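# Secondary and tertiary structure notes
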Amino acid sequence: VWAGVSDGYIMPTISEFFGIVIRMYYQDHAPAHFHAYYGEHSAVMEIETLRVREGRLPRRALGLVVEWAIEHREELLEQGSKRDRVGRLPVGRDVC
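Summarised in this report is the structure supplied together with it. Small disclaimer: the values here were computed from a predicted structure and weren't measured.

Conventions adopted
- Residues numbered from 1 in each chain as written.
- Predicted model: local features only at pLDDT ≥ 70, side-chain atom pairs only at ≥ 80, totals over all residues.
- Heavy atoms only, no water.
- Helix = DSSP H or I, 4+ residues; strand = E, 2+ residues; numbered from the N terminus.
- Buried < 20%, exposed > 50% of the residue type's maximum accessible area, 1.4 Å probe, protein only.
- Areas by Shrake-Rupley, 256 points an atom, 1.4 Å probe, with all protein chains shown as cover.
- Pairing = 2+ DSSP bridges.

Turning to the overall build of the chain, a few remarks are in order. Along its length, the chain carries two helices and six strands. Seen in sequence order, the chain has helices and strands lined up from the N terminus as β-β-β-β-β-β-α-α. The burial tally for the chain puts 39% of its 96 residues in the buried class. Only carbon and sulfur atoms are counted for the fraction: they give 50% of the accessible area of the chain, which is about 5,700 Å².

Following this line, the structure appears as structure tokens:
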């Protein structure tokens, strides 16, 4: 599955690795953030600070998510900026 729907919003998957799924909503609130899912766990991560805004991930999964986000921070910030300007992300898979 490369997209989920929550509260009526499309949430495309932008990356998958080691059982972790990273998604960004097309229309979402500031600050720029992404959603990370691992099994029954989930967290909302701020892109700028990489801090967990909501939720919880197991320590190992959180470490992998932070490592991934550091590697892709420029792309994430760019996508967050595009989303803020037009209210949605560009269509397509593997944005980052």
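Once that is clear, we can look at unusual backbone geometry. Glycine aside, a negative phi is what most residues show, and trans is what most peptide bonds show. A positive phi is found at F18, a non-glycine position, where the angle reads about 50 degrees. Note that F18 resides in the loop between β2 (9–17) and β3 (20–23). When its relative accessible area of 67% is taken as the criterion, F18 is described as exposed. Of note, the phi angle at L50 is positive, near 60 degrees, even though the residue is not glycine. Among the secondary structure elements, L50 is positioned in the loop between β5 (41–46) and β6 (52–56).

As a further point, take the pairing of β5. The sheet contact formed by strand β4 (residues 33–38) and β5 spans six bridges and is antiparallel. Bridging from a neighbouring strand, Y37 pairs with S42 of β5. By the bridge criterion, four bridges tie β5 to β6 in an arrangement that is antiparallel. Pairing of S42 across the sheet is with R56, part of β6.

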